[in-house]
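# Breakdown of the fold
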Amino acid sequence: MRGTHLIGLALWRGGVLLVGGYLAYQVLRAVLTFTDTQLEVAVAVFLTGLVMVFLSVLVERVLDAKAERSELP
């Protein structure tokens, strides 16, 4: 894969993540309109951490599956 393709994919994925994160933040603000800003930030940080843990476990499992597959005779 050429460098320009890699950069393009990284920018595309970054844009998708940025838009998705912004939309999630706006939905969270609309749902939690009756609370203060500190609770909004706390819930956002909690959900971000939860997603990051889920993604790290998923990536680790995919890498382990590739390693197991390469070890087969």
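Residues numbered from 1 in each chain as written. Predicted model: local features only at pLDDT ≥ 70, side-chain atom pairs only at ≥ 80, totals over all residues. Heavy atoms only, no water.

### Here's the deal with the overall build of the chain
The test is simple: Helix numbers and strand numbers start at the N terminus; a helix is a DSSP run of H or I with at least 4 residues, a strand a run of E with at least 2. To get the radius of gyration, use the C-alpha atoms; to get the globule rule, take the number of residues to the power 0.38 and multiply by 2.2 Å. Residue exposure (1.4 Å probe, protein chains only): buried if accessible area is under 20% of the type maximum, exposed if over 50%, otherwise partly exposed. For accessible areas, the Shrake-Rupley method is used with a probe of radius 1.4 Å. Any residue's cover is judged against the shown protein chains and nothing else. Charge convention: Lys and Arg are scored as positive, Asp and Glu as negative, and His as well as the terminal groups of each chain are ignored. Every charge is mapped onto a representative atom, which is NZ of Lys, CZ of Arg, CG of Asp or CD of Glu.
For the chain, the count of helices and strands is 2 helices and 0 strands. The C-alpha radius of gyration computed for the chain amounts to 18 Å, which surpasses the reference 11 Å derived for 73 residues by more than 25%, pointing to a less compact arrangement than a globule. Taken along its principal axes, the extent of the C-alpha atoms in the chain is 60 × 30 × 15 Å. Burial status across the chain gives 5% buried among its 73 residues. For the chain, the exposed surface amounts to about 6600 Å²; the carbon and sulfur share of it is 73%. Looking at the chain, you have 6 positive and 6 negative side-chain charges, and the mean spots of the two groups are 14 Å apart.

### Topic: a nonpolar patch on the surface
Worth spelling out the cut-off: Two joining distances apply to patches: 9 Å for like charges and 5 Å for nonpolar side chains (Val, Leu, Ile, Met, Phe, Trp, Tyr), and every residue must have over 30% relative accessible area and no salt bridge. What counts as a salt bridge is simple: a side-chain nitrogen of Lys or Arg found within 4 Å of a carboxyl oxygen of Asp or Glu.
The grouping of Met1, Leu6, Leu9, Trp12 and Val16 at the surface amounts to a nonpolar patch, some 590 Å² of accessible area in total. With respect to the secondary-structure elements, Val16 resides in helix 1 (residues 3–31). With relative accessibility at 47%, the residue Val16 sits in the partly exposed group.

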